[in-house]
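# Structural overview for review
Next come the chains, spelled out residue by residue.
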Amino acid sequence: MIKNYFKIALRSFWKHKLFTLINIIGLSIGISAALVIYLIVHFDFTFDKFHKDGDRIYRVVSNFSFQGEKGYNSGVCGPLSGAVKSNVTGVEVTAPFYTLYSPTIFIPGKGNVPAVKFKNQDNIVLAGPEYFEIFKYKWLAGSPKGALDAPNQVVLTSEQAKKYFSSLPYNQMIGKVVTYDTIKTTVTGIVQSLTGNTDFTFHDFISYSTGAVNNDLKSQLQITEWESTNSASQLFIKLLPSVSTVHIEKQLNDILKKNSPPRPESKGSTHGFSLQPLNDVHFNVNYGNFDNGRIASKTTLYGLLIIAIFLLLLGCINFINLTTAQATQRAKEIGIRKTMGSSRGQLIIQFLSETFFITLIAVVISAAVAPVILKLFADFIPPGIKADFLSQPGLILFLLILTIVVSLFSGFYPAIMLSGYNPIMVLKNQAASNSSKTRNAWLRKSLTVTQFIIAQFFIMATVLVSKQIYYALHKDLGFKKDAIIIINSPWKNRTASKNQLFLDKLRATPQVAMISVGNTPPSSGNTNSTTVTYKDGKKEVKTEVFLKFGDENYIPLYKIKLTAGRGLQPGDTSKSVVINTTYAHILGFKSPNDAIGKMLNKFNGNKNLKIVGVVADFYQRSLHAPIKPLAILISTNSYQTGTFHIALKPQTPGGDEWKKAIATIGKSWKETYPDDDFEYHFFDETIAKFYESEQHTSTLLTWATGLSIFISCLGLLGLAIYTTNQRTKEIGVRKVLGASVSQIVTLLSTEMIWLILLAFVLVTPIAWLAMNKWMQQFADRTTISWWIFALSGAGMLTAAVITSSFQTVKAAIANPVKSLRSE
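Since the model is a prediction, treat every value here as computed from it, not as a measurement. (Residues numbered from 1 in each chain as written. Predicted model: local features only at pLDDT ≥ 70, side-chain atom pairs only at ≥ 80, totals over all residues. Heavy atoms only, no water.)

### With respect to the overall build of the protein chain
Condition: For the purposes of this entry, the term helix denotes a DSSP run of H or I that reaches at least four residues, the term strand denotes a run of E that reaches at least two, and both are numbered from the N terminus. Whether a residue is buried, partly exposed or exposed follows from its accessible area with a 1.4 Å probe, protein chains only, as a fraction of its type maximum: under 20%, in between, or over 50%, in that order. It only takes one pair of heavy atoms within 4.5 Å for two residues to be counted as in contact. In these tables, accessible area is a Shrake-Rupley quantity obtained with a 1.4 Å probe, and a residue counts as shielded only by the protein chains included in the view. Counting rule applied: Lys, Arg positive; Asp, Glu negative; His and chain ends not counted. By convention, the charge on Lys lies at NZ, on Arg at CZ, on Asp at CG and on Glu at CD.
Looking only at helices and strands, one finds 24 helices and 24 strands in the protein chain. Split into buried and exposed, the 823 residues of the protein chain put 48% on the buried side. Within the protein chain, residue pairs in contact and separated by at least 24 positions form 80% of the contacts whose partners lie at least 6 positions apart. Surface accessibility of the protein chain: about 39500 Å² in total, with carbon and sulfur atoms responsible for 58%. The protein chain carries 82 positive and 52 negative side-chain charges, and their two centres are separated by 10 Å.

### Remarks on the environment of glycine 525
By the element assignment, glycine 525 lies in the loop between strand S15 (512-518) and strand S16 (529-535). A relative accessible area of 60% means that glycine 525 is categorised as exposed. In sequence terms glycine 525 and glycine 571 are 46 residues apart; their C-alpha atoms lie 30 Å from each other.

### What to know about the sheet that holds strand S14 (residues 484-488)
Heads up, the condition is: When DSSP finds at least two bridges between two strands, those strands are taken to pair. Interaxial angle, 0 to 180 degrees, is taken between N-to-C directions of lines fitted to C-alpha atoms, where a helix line uses only the stretch in contact.
Reading across the sheet, the 4 strands line up as S15-S23-S14-S24 and stay open at both edges, with antiparallel pairing between neighbours. Looking at which strands have only one partner, the edges of the open sheet turn out to be S15 and strand S24 (681-682). Both S15 and strand S23 (residues 643-648) contribute to a ladder of 6 bridges, which runs antiparallel. Residue isoleucine 515 lies in a different strand from S23, and its bridge partner there is isoleucine 646. Across the sheet, helix H18 (residues 657-672) lies against S14, S15, S23 and S24, angled at about 15 degrees from S14, the strand it touches most.

### Topic: helix H2 (residues 17-45)
Stated precisely, the cut-off is as follows: Here, expected helix span is obtained from the residue count minus one, scaled by 1.5 Å.
Over its 29 residues, H2 runs 41 Å from end to end, which matches the ideal 42 Å to within 8%, given 1.5 Å per residue. Counted residue by residue, H2 has 23 buried out of 29 residues, so it is predominantly covered.

### Comments concerning helix H23 (residues 786-812)
We count it as follows: Working definition for bend: take the seven residues up to and ending at a residue and the seven starting at it, fit an axis to each, and measure the angle between the axes.
In this model H23 runs 36 Å from its N-terminal to its C-terminal C-alpha over 27 residues, within 8% of the 39 Å that 1.5 Å per residue would give. The largest bend in H23 comes to about 45 degrees, at serine 805.

### Things to note about the environment of serine 489
Mapping serine 489 onto the fold places it in the loop between S14 and helix H15 (496-507). By relative accessible area, which is 3% here, serine 489 ends up buried. For the pair formed by serine 489 and glycine 642, sequence separation is 153 residues and the distance between their alpha carbons is 5.4 Å. Apart from the residues lying within four places of it in its own chain, the contact partners of serine 489 are Arg494, Asn499, Gly642, Phe644, Trp669 and Tyr673.

### A few points about the pairing of strand S9 (residues 177-180)
Relative to S9, strand S4 (residues 105-107) is paired through 2 bridges, and the arrangement is antiparallel. Of the residues in S9, the one forming a bridge with isoleucine 105 is tyrosine 180. Pairing of S9 with strand S10 (residues 183-191), which is carried by 4 bridges, proceeds in the antiparallel orientation. Bridge assignment links valine 178 to a residue of S10, and that residue is threonine 185. Counting the residues in the hairpin turn of S9 and S10 gives 2 residues, including aspartate 181, whose phi is positive at 55 degrees.

### Some thoughts on the packing of aromatic side chains
Keep this limit in mind: Two aromatic rings from Phe, Tyr or Trp, using only the six-membered ring of Trp, form a pair when their centres are within 6.5 Å; if the ring planes differ by under 30 degrees the pair is stacked, by over 60 it is edge-to-face, and anything between is tilted. Note on geometry: a ring has a charge over it if NZ (lysine) or CZ (arginine) is within 6 Å of the ring centre and within 35 degrees of the ring normal.
The tally for this structure, following the rule as stated, stands at 40 aromatic pairs. Centre to centre, the rings of tyrosine 131 and tyrosine 137 are 6.4 Å apart; their planes meet at 35 degrees, and the pair counts as tilted. Assigned by exposure class, tyrosine 131 and tyrosine 137 land together as buried. Measuring from ring centre to ring centre gives 5.5 Å for phenylalanine 135 and phenylalanine 236, while their planes differ by 75 degrees; the resulting arrangement is edge-to-face. Taken together, the residues phenylalanine 135 in the loop between helix H4 (131-134) and strand S7 (139-142) and phenylalanine 236 in strand S12 (residues 233-239) connect sequence positions 101 residues apart. Among the residues examined, phenylalanine 135 registers a relative accessible area of 0% and is labelled buried. By the ring-pair criterion, three or more aromatic residues cluster together here, those being Phe97, Tyr131, Phe132, Phe135, Tyr137, Trp139, Phe200, Phe202, Phe205 and Phe236. Sitting above the plane of the phenylalanine 283 ring, lysine 298 keeps its charged end 5.0 Å from the centroid.

### What to know about unusual backbone geometry
In this model, aspartate 53 sits at a positive phi of 60 degrees, which is unusual for a non-glycine residue. Here aspartate 53 is to be found in the loop between H2 and strand S1 (57-66). In the Ramachandran plot, asparagine 120 falls in the positive-phi region, its phi being about 50 degrees despite a non-glycine side chain. Relative to the helices and strands, asparagine 120 resides in the loop between strand S5 (116-118) and strand S6 (124-127).

### Description of the side chain of glutamine 620
Quick reminder of the rule: Counting of polar contacts relies on pairs of N or O atoms within 3.5 Å, with two restrictions inside protein: one atom must be capable of donating a hydrogen and the other of accepting it, and residues adjacent in sequence are counted only when both atoms are side-chain atoms.
Within the secondary structure layout, glutamine 620 lies in the loop between strand S21 (606-615) and strand S22 (630-634). Only 2.8 Å separates the side chain of glutamine 620 from the backbone oxygen of lysine 628, close enough to count as a polar contact. Residue contacts for glutamine 620: discarding those within four places in its chain leaves Pro522, Ser523, Ser524, Phe546, Lys548, Asn580, Pro626, Ile627, Lys628 and Leu630.

### Here we look at a nonpolar patch on the surface
To be explicit about the condition: To count toward a patch, a residue needs a relative accessible area above 30% and no salt bridge. Like charges then connect within 9 Å, nonpolar side chains (Val, Leu, Ile, Met, Phe, Trp, Tyr) within 5 Å. Should a side-chain nitrogen of Lys or Arg be within 4 Å of a carboxyl oxygen of Asp or Glu, the pair is scored as a salt bridge.
Among the surface-exposed residues, Phe356, Leu360, Val364, Leu397, Leu400, Ile401, Ile404, Val405 and Leu408 lie close enough to one another that they form a single nonpolar patch of about 790 Å² accessible area. Among the elements of the structure, helix H11 (344-376) and helix H12 (393-419) are those that each provide at least two residues to the nonpolar patch. For the nonpolar patch, the element with the highest residue contribution is H12, accounting for 6 residues. Looking at the secondary structure, you find phenylalanine 356 in helix H11.

### Details of the pattern of salt bridges
By the definition in use, this model includes 11 salt bridges. The partner of lysine 238 in a salt bridge is aspartate 53, and the shortest N-O contact between them spans 3.0 Å. Taken as a pair, lysine 238 in strand S12 and aspartate 53 in the loop between H2 and S1 lie far apart in primary sequence, 185 residues in all. A residue is classified by how much of its surface remains accessible, and lysine 238, at 5% relative accessible area, is buried. Here the residues in one salt-bridge network are Asp53, Arg56, Glu92 and Lys238, joined through shared partners.

### What about the packing of helix H21 (residues 728-736) against helix H22 (residues 741-775)?
This is how it is decided: Here a crossing is called left-handed whenever its near helix is offset anticlockwise from the far helix by less than a right angle, and right-handed whenever the offset is clockwise. Residue polarity is assigned by list, with Asp, Glu, Lys and Arg as charged and Ala, Val, Leu, Ile, Met, Phe, Trp, Tyr, Cys and Pro as nonpolar; anything else, Gly included, falls into the polar class.
Interhelical geometry of H21 versus H22 gives an angle of 145 degrees and a closest axis separation of 10 Å. Relative to H22, the crossing made by H21 is right-handed. For the pair H21 and H22, the contacting residues are Glu730, Ile731, Arg734 and Lys735 in the first and Ile744, Leu747 and Leu748 in the second. A per-class count over the contact of H21 with H22 returns 4 nonpolar, no polar and 3 charged.

Fair warning: the whole summary comes from geometry, so function is off the table for now.
Right, here's the structure in full:
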């Protein structure tokens, strides 16, 4: 029986080759999208799922609030871990760790083995033995007992151990010396590198007690400072079974209040701790994970799933439409099979098996093209995602389930409809009753409208996202961003003398127009703020103010508009400050000139700072965030003078002046900082990266739009071919009676146009609501213009008309004699 089903399916496919091809292409596109999106979603949602008792593991995080402004930090104050061990009940294990900032690693040589140095290494932490009690590793050498108990001990992962001591077996690495800057350690253990998807990519674990004997580390750990929070200092805890997180959080905040009670001058500000579940670390943008690791967005992942469902739905709609449209062509076959004794159940199985066979072909094609798609979207698909069917049995199971679901969804209604034909009526050439024909026609129209709704929604969303990105990249941000290079001097080797030497070399570079030494540029992902108090004699105004540090060239280099007073000058001290217009208004000044000469009473520990100038507002971050109160001060210490802002002279068209300038600057860098790598970036590229996520969304939507239009037009072409074939005699009669080609084309296209217009009316309010919600994430945003909807509707209509015209025009210009003879 199965053999017969297979033969009948092949004959049917061969007889209707074009419709079969359209169905396979439509389903292949939808299944390919579903497969790739499954790989992405599965990859992100499986991060750190392999840890034992993961549901009881939490990270303690810090939350701040000041005058309604909320702040978040993944770190905690240094003394908290010790207080938790001593005073908090319900905690099974407490594991603090501290991430070192890019140390240089030195491996001493011995005999024929030369010494090795690794610069600017990451994922190196101070941790205690408790870390390995919460996160289980397989020990290849050494033992978890005593491995990190004493100062100056280190445990390495297997990959890092082979990097340091490639010629030695793991057991012979025990006792070897590894030096991290000034920290000399002895290897006491080797653990197997984690193989699952994880954010815990640390590979060097230096004993936490080392911080107590190393002066540099002691100052960084700040183990007595309750009011200092550093994201490098993190704390994980494992709760006892059935212990409530609310219970733990209350104890943590009671400890904080006891050791750092609120002060009267900090009224309106709060500081507290909360517990972040382990499974939230990979997704929470407020706290981040570790060492600037990639943060996945659940909203984006759910959006990808919706796109996959839509594209699958479009392919299934094509199948249902074309199958039901061809129903009458298989009516006699069904009638004969029923007359010969076939039951309705057997016919349903026959038609479902045909659908399954087409779906299976589409799945095989999708599996073959998945690696190509992954390479095509490699720029914003997380590294590590592979379509490896042999090593991912879950992937095969997903494809099997997807094949069954798509087969049932696409084939169930056509199978029920076709198998329901009355054999007596069929053999009398009356395949279906008028009510049945009407019902099938309405179903096809409804499904076609659904296709056009999905396609037009994608078009509208794509146009709006592109419009917002263009708006963000071309908006006047209040400063110059082109032809400016940013270079950060090395933190460890940063001295006033070296910075001055490098500055002198930059000034001698012919292609350099202007240089400013300071901290962050006008718009930056890094923020520095403080509380500022101003008294006007009647009231006190306390404000959280963003800080920018620069020299006298900072404002003119970035062409920031000065609206009152003056900019910074070489003779200024830290007692002079330039503020922005927003801050001037908050202080109560109606005109910027009114602020000049006024004194800020309390400013970052200083008193009586004089306002010498007011600049026009500019965006300190991306357009996602509103403009905040701002103060620009003269640079005074190594932290504030660690960044060189270099404005280049204009480059001639096709010239290489900038390339030569960067080469010269790189040479000057190596002469000044020989042990540090030369790194730079253009300021405008930094601005563009603010909207990297939106650009990826735009690219994804563009592809989704193109595919949805393509699938919809494929189905439309199939329906147009079927319709014109069914109306061949009618077209011939109309032409004989004098109908023109344009009249015939209009007749055949009118219904399709009305369906597109109906879809446009239905999708417009839905699209507006969705787009308006998406735009709320921007503090400054473009308008949702009427032409976005008009352009989308017109674009869909044009694509549909062009697609169907291939068949309608062909039918309209056909010789009526042949049309009538065909009957």
